[in-house]
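One-letter residues, chain by chain:
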Amino acid sequence: MPLGVGSLYLGHTRRRVAPVLPRFPARLAQTTRSVQANYSHTRQWRGLSISARLGAWRQSGPLHDQGAQLGVTLSRLRHAAGSNVLQRVGIDARQLRHGDPERSLLLAQSWRQEQDGSAREAGAELRVQDTGTTDALLALRSYTPLGHTGAVLSHQRRPHSTAYSLSHGSALALSPRGLFWGGASGADAGVAVSVAAADLPALDGAAAEVQAGAQRRQVLRFGQRRLLPLSGYQRHRVDVHDVAAPLRDADVRVAHPGTAHRPFLLPGRVIALPVGVEATFSYIGSARDAAGGALAGARILNAALPPLGRDGGFIAEFTQRQEVLYLLQQGQLLQCPLHVHEQRSVVLLVGQVACAPLARDALPGTITQQPRVQRLLDEAPPIALGMP
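Described below are features of the structure shown in this document. (Residues numbered from 1 in each chain as written. Predicted model: local features only at pLDDT ≥ 70, side-chain atom pairs only at ≥ 80, totals over all residues. Heavy atoms only, no water.)

1. Overview of the overall build of the protein chain
Turning to step 1, where the next piece is worked out: Within the protein chain, the regular secondary structure consists of 2 helices and 30 strands.
Turning to step 2, where the next piece is worked out: Its C-alpha atoms give the protein chain a radius of gyration of 34 Å, more than 25% over the compact-globule value 21 Å for 388 residues.
Turning to step 3, where the next piece is worked out: Over its C-alpha atoms, taken along the principal directions, the protein chain stretches across nearly 110 × 55 × 40 Å.
Turning to step 4, where the next piece is worked out: In the protein chain, buried positions account for 32% of the 388 residues.
Turning to step 5, where the next piece is worked out: Considering only contacts within the protein chain whose residues lie at least 6 apart along the sequence, 50% involve residues at least 24 apart. (Helix = DSSP H or I, 4+ residues; strand = E, 2+ residues; numbered from the N terminus. Rg over C-alpha atoms; globule rule 2.2 N^0.38 Å. Buried < 20%, exposed > 50% of the residue type's maximum accessible area, 1.4 Å probe, protein only. Contact = heavy atoms within 4.5 Å.)

Written out as structure tokens, the structure reads:
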């Protein structure tokens, strides 16, 4: 809890160890109690973080003891080339009721780099005590949306001992939608997120950003599935956002951005969260007939859009990439190939496009079947079914 200019920590632990074998009487059970209190304060000074800690504890039971502890740590965080370097120097002093004072010096440095929702860490620590004991530690860790991996090597001098550990944590969920894979983090529930790509088969790359609980935002690609682990017996906030970096040639938006769910999950429970994505392809240009004249007032048949301007100019937005622009002008069908000459952000510039006559039976069925197009064709003068 906050107290004054610092923070106060209070702790109480009660541990009872009972005999495992039934032939031992229950009175041999041992109970240990411990109470501790710590107060810490941190200040910033000339790029340094100075942290001071003062604490006391008392333990009763088979091992009865009490004492006090004082510690000071100096830390400096530096940013360089997309990575963070943290350096620490600490001094700790402990005074036990039945024993001599214990003092130790800590030297530590860690390096961390983050990129695209993943992080890599490397750290080294050296602790020297006035009793002659020296501890050294080297740790490597990797955090990705699919799991956490770590390796730790420690060495102690006087007494001499070496230890190492390797760990990896991931979470898997199998459902009728497929296999979902994600980081573990000790969670016992989760959200299975999937980005549909059936309506946008030509798109690739980042599609949406999803955040669950206190986790970092994760970027999902088209057609990707991801398991976001969460803790049970808690209500979590799950948000879906537009991706920060646009795609190469389309403006991609989440169909329903914002808070998707506030689920209360029980252990072992996984809910499905399909994410709908919409894309907009924007073309800017002007249409010309075979003689080079502007097709003023021509109607676009690919989608419900305003007629062309007096100079044949158009700003056309489609939900899918278009190779040909189909027009209807004064009872004549025209086809205009779209060739992108330049791209500005997500806007495709096609310049002047040359249009050629088109027979009615050559118009694609996906366009002809639209009620809007059928009404325009019925209102227009007779159009030849085949080319002359």
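There's plenty left to go through after this.
2. Considerations on a nonpolar patch on the surface
Turning to step 1, where the next piece is worked out: The grouping of Val 72, Leu 74, Val 89, Ile 91, Leu 105, Leu 107, Leu 126 and Val 128 at the surface amounts to a nonpolar patch, some 590 Å² of accessible area in total.
Turning to step 2, where the next piece is worked out: Residue position: Leu 126 is located in strand 8 (residues 118–129).
Turning to step 3, where the next piece is worked out: Since its relative accessible area comes to 33%, Leu 126 is described here as partly exposed. (Patch = residues over 30% accessible without salt bridge, like charges linked within 9 Å, V, L, I, M, F, W, Y side chains within 5 Å. Areas by Shrake-Rupley, 256 points an atom, 1.4 Å probe, with all protein chains shown as cover. Salt bridge = Lys/Arg side-chain N within 4 Å of Asp/Glu carboxyl O.)

3. A word on the nonpolar core
One broad trend across soluble globular proteins is that nonpolar side chains are buried collectively.
Turning to step 1, where the next piece is worked out: By size, the foremost hydrophobic cluster in this structure holds 45 residues, and its most contacted members are Phe 314 and Leu 327.
Turning to step 2, where the next piece is worked out: Residue contributions to this core peak at 5 residues, all from strand 23 (residues 277–288).
Turning to step 3, where the next piece is worked out: Sequence-distant contacts of Leu 327, that is, excluding residues within four places in its chain, are made with Ala 287, Leu 295, Ala 298, Arg 299, Ile 300, Leu 301, Leu 308, Gln 332, Leu 333, Leu 334, Cys 336 and Cys 355.
Turning to step 4, where the next piece is worked out: One finds Tyr 326, Leu 358, Leu 376 and Leu 377 within the second-largest nonpolar core, a separate group that totals 11 residues. (Core = buried A, V, L, I, M, F, W, Y, C linked by side-chain atoms within 4.5 Å.)

4. A few points about the pairing of strand 13 (residues 189–195)
Turning to step 1, where the next piece is worked out: With respect to burial, strand 13 is a largely interior element, 7 of its 7 residues being buried.
Turning to step 2, where the next piece is worked out: Neither face of strand 13 is left uncovered, since the one carrying Ala 189, Val 191, Val 193 and Val 195 and the one carrying Gly 190, Ala 192 and Ser 194 both have all their residues buried.
Turning to step 3, where the next piece is worked out: Bridging between strand 13 and strand 16 (residues 225–230) involves 6 bridges; their strand directions are antiparallel. Residue Val 191 lies in a different strand from strand 16, and its bridge partner there is Leu 228.
Turning to step 4, where the next piece is worked out: In this structure, strand 13 lies alongside strand 22 (residues 270–275), joined through 6 bridges in parallel fashion. Bridge pairing in strand 22 places Ala 192 opposite Ala 272. (Pairing = 2+ DSSP bridges.)

5. Description of the pattern of salt bridges
It is possible for side chains of opposite charge to pair when their charged atoms get near one another.
Turning to step 1, where the next piece is worked out: Scanning the entire structure with this criterion turns up 11 salt bridges.
Turning to step 2, where the next piece is worked out: Across the pair Arg 103 and Asp 130 runs a salt bridge whose closest N-O atoms are separated by 3.4 Å. Placement of the pair is Arg 103 in strand 7 (residues 102–115) and Asp 130 in the loop between strand 8 and strand 9 (134–144), with a sequence separation of 27 residues.
Turning to step 3, where the next piece is worked out: Using a relative accessible area of 47% as the deciding quantity, one classes Arg 103 as partly exposed.
Turning to step 4, where the next piece is worked out: Residue classification places Asp 130 among the partly exposed residues on the basis of a relative accessible area of 42%.
Turning to step 5, where the next piece is worked out: Among the ionic pairs, Arg 237 bridges to Asp 239, the shortest N-O distance being 2.7 Å.
Turning to step 6, where the next piece is worked out: Judged by relative accessible area, which is 7%, Asp 239 ranks as buried.
Turning to step 7, where the next piece is worked out: Through salt bridges with shared partners, a single ionic network connects Arg 53, Asp 92 and Arg 127.

6. Details of the state of the cysteines
By definition, a disulfide links the sulfur atoms of two cysteines through a covalent bond.
Turning to step 1, where the next piece is worked out: This structure, assessed with the given rule, holds 1 disulfide.
Turning to step 2, where the next piece is worked out: Two residues, Cys 336 and Cys 355, share a disulfide whose sulfurs are 1.9 Å apart. One quick way to see it: the torsion about the S-S bond of Cys 336 and Cys 355 is about 110 degrees, and its sign makes the bridge right-handed. Taken as a pair, Cys 336 in strand 27 (residues 332–337) and Cys 355 in the loop between strand 29 (347–354) and strand 30 (356–357) lie far apart in primary sequence, 19 residues in all. Of the two residues, Cys 336 and Cys 355, neither departs from the other in class, the shared state being buried. (Disulfide = S-S within 2.5 Å.)

7. Overview of the sheet that holds strand 22
Turning to step 1, where the next piece is worked out: Read from one edge to the other, the open sheet built from 3 strands follows the order 16-13-22, with strand pairing classed as mixed. Both edges of this open sheet fall to strand 16 and strand 22, since each of them pairs with a single strand only. Averaged over neighbouring strand pairs, the angle between their axes works out to 20 degrees when direction is ignored. (Axes fitted to C-alpha atoms, helices over the stretch in contact; angles between N-to-C directions.)

8. Some words on the sheet that holds strand 9
Turning to step 1, where the next piece is worked out: The strand order across the open sheet built from 12 strands is 1-2-3-4-5-6-7-8-9-10-11-12, with neighbouring strands paired in antiparallel fashion. With one partner strand each, in any of the chains shown, strand 1 (2–3) and strand 12 (178–183) form the two edges of the open sheet.
Turning to step 2, where the next piece is worked out: When strand 9 meets strand 10 (residues 147–157), the two strands line up antiparallel, connected through 11 bridges. If you follow Thr 144 over to strand 10, its bridge partner there is Gly 147.

9. Details of the packing of aromatic side chains
Turning to step 1, where the next piece is worked out: Enumeration according to the criterion identifies 1 aromatic pair in this entry.
Turning to step 2, where the next piece is worked out: Summarising the aromatic geometry, the rings of Tyr 283 and Phe 318 are spaced 5.9 Å apart at their centres and angled 55 degrees between planes, so their arrangement reads as tilted. Taken together, the residues Tyr 283 in strand 23 and Phe 318 in strand 25 (residues 313–318) connect sequence positions 35 residues apart. The same class applies to Tyr 283 and to Phe 318, which are both buried.
Turning to step 3, where the next piece is worked out: Just above the ring of Phe 180 sits the side chain of Arg 225; from NZ or CZ to the centre is 5.8 Å. (Phe/Tyr/Trp six-rings, centres within 6.5 Å; stacked < 30°, edge-to-face > 60°. Lys NZ or Arg CZ within 6 Å of the ring centre and 35° of its normal.)

The values reported here are purely geometric and, on their own, carry no functional implication.
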